[in-house]
Each structure stands twice: as structure tokens, then as C-alpha cells.
Amino acid sequence: MNYLISLAIGLGVGLLYGALDFRSPAPPAIALVGLLGMLAGEQLWPMGRQLVSGWLS
């Protein structure tokens with residue numbers, strides 16, 4: 001299942017790159033910023049979910 005999710009996300013990012021007329025692979029600086037965004041989003045998701053569940057309870 002993780003492979004399918006990864007493939008779906010990769011396809012979505014590929015479509016976004018195509019829509020923005022971005023060349024792939026991205027230049028190193030842009031790739032690092034994107035990776036930083038992915039890591040931040042991965043950490044923010046559980047924090048946000050916990051915050052919302054705290055508000056609802």
C-alpha cells in the first residue's frame with residue numbers, strides 16, 4: 001500500500017511540475033527547499049491532528 005501511495009503522490013507532483021512548466025529534475029536549491037517542505041509537512045500533520053483533537057474534546 002505504501003508503494004501505491006508513493007506512486008500516486010509522485011504522479012501528482014509530476015503533474016504539478018508539468019503544469020508549472022518546471023524542468024525535472026529540479027535545480028539543487030529548489031529540490032532542497034521542496035524536500036524541506038516535505039519534511040516539515042510530515043511533522044506538521046501529526047501536530048495539527050493532535051491540536052484539532054484537543055480542541056474537539
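Throughout what follows, the structure given in this document is the object of discussion. (Residues numbered from 1 in each chain as written. Predicted model: local features only at pLDDT ≥ 70, side-chain atom pairs only at ≥ 80, totals over all residues. Heavy atoms only, no water.)

## Focus: the overall build of the protein
Phase 1 of the analysis: Within the protein, the secondary structure is distributed over two helices and zero strands.
Phase 2 of the analysis: Computed over the C-alpha atoms, the radius of gyration of the protein is 15 Å, more than 25% above the 10 Å expected from 2.2 N^0.38 for a compact globule of 57 residues.
Phase 3 of the analysis: With respect to the three principal axes, the spread of C-alpha positions in the protein is 45 × 25 × 20 Å.
Phase 4 of the analysis: When burial is assessed residue by residue, the protein has 2% of its 57 residues classed as buried.
Phase 5 of the analysis: Element-wise, carbon and sulfur atoms account for 74% of the exposed surface of the protein, whose accessible area totals about 5300 Å². (Helix = DSSP H or I, 4+ residues; strand = E, 2+ residues; numbered from the N terminus. Rg over C-alpha atoms; globule rule 2.2 N^0.38 Å. Buried < 20%, exposed > 50% of the residue type's maximum accessible area, 1.4 Å probe, protein only. Areas by Shrake-Rupley, 256 points an atom, 1.4 Å probe, with all protein chains shown as cover.)

## Section: the environment of proline 46
Phase 1 of the analysis: Along the chain, proline 46 turns up in helix 2 (residues 28-56).
Phase 2 of the analysis: Residue proline 46 is classed as partly exposed on the basis of its relative accessible area of 37%.
Phase 3 of the analysis: In this structure, the C-alpha to C-alpha distance between proline 46 and proline 27, residues 19 residues apart in sequence, is 30 Å.

## A word on helix 2
Residues separated by three or four positions in an α-helix point in the same direction, a consequence of the helix having 3.6 residues per turn.
Phase 1 of the analysis: Along its 29 residues, helix 2 runs 42 Å from first to last C-alpha, staying within 8% of the 42 Å computed at 1.5 Å per residue.
Phase 2 of the analysis: In helix 2, a bend of some 25 degrees at leucine 44 exceeds every other bend along the element, and proline 46, a proline, comes one to four places later.
Phase 3 of the analysis: The element helix 2 is barely covered by neighbouring structure, given that only zero of its 29 residues are classed as buried. (Expected span 1.5 Å × (residues − 1). Bend = angle between axes of the 7 residues up to and from the residue.)

## Quick notes on the environment of tyrosine 3
Phase 1 of the analysis: Relative to the helices and strands, tyrosine 3 resides in helix 1 (residues 2-19).
Phase 2 of the analysis: Given the relative accessible area of 74%, tyrosine 3 is considered exposed.
Phase 3 of the analysis: In this structure, the C-alpha to C-alpha distance between tyrosine 3 and serine 57, residues 54 residues apart in sequence, is 34 Å.

## A word on a nonpolar patch on the surface
Phase 1 of the analysis: On the surface, Met1, Leu4, Ile5, Leu7, Ile9, Leu11 and Val13 cluster together into a nonpolar patch covering about 740 Å² of accessible area.
Phase 2 of the analysis: For leucine 11, the location among the structural elements is in helix 1. (Patch = residues over 30% accessible without salt bridge, like charges linked within 9 Å, V, L, I, M, F, W, Y side chains within 5 Å. Salt bridge = Lys/Arg side-chain N within 4 Å of Asp/Glu carboxyl O.)

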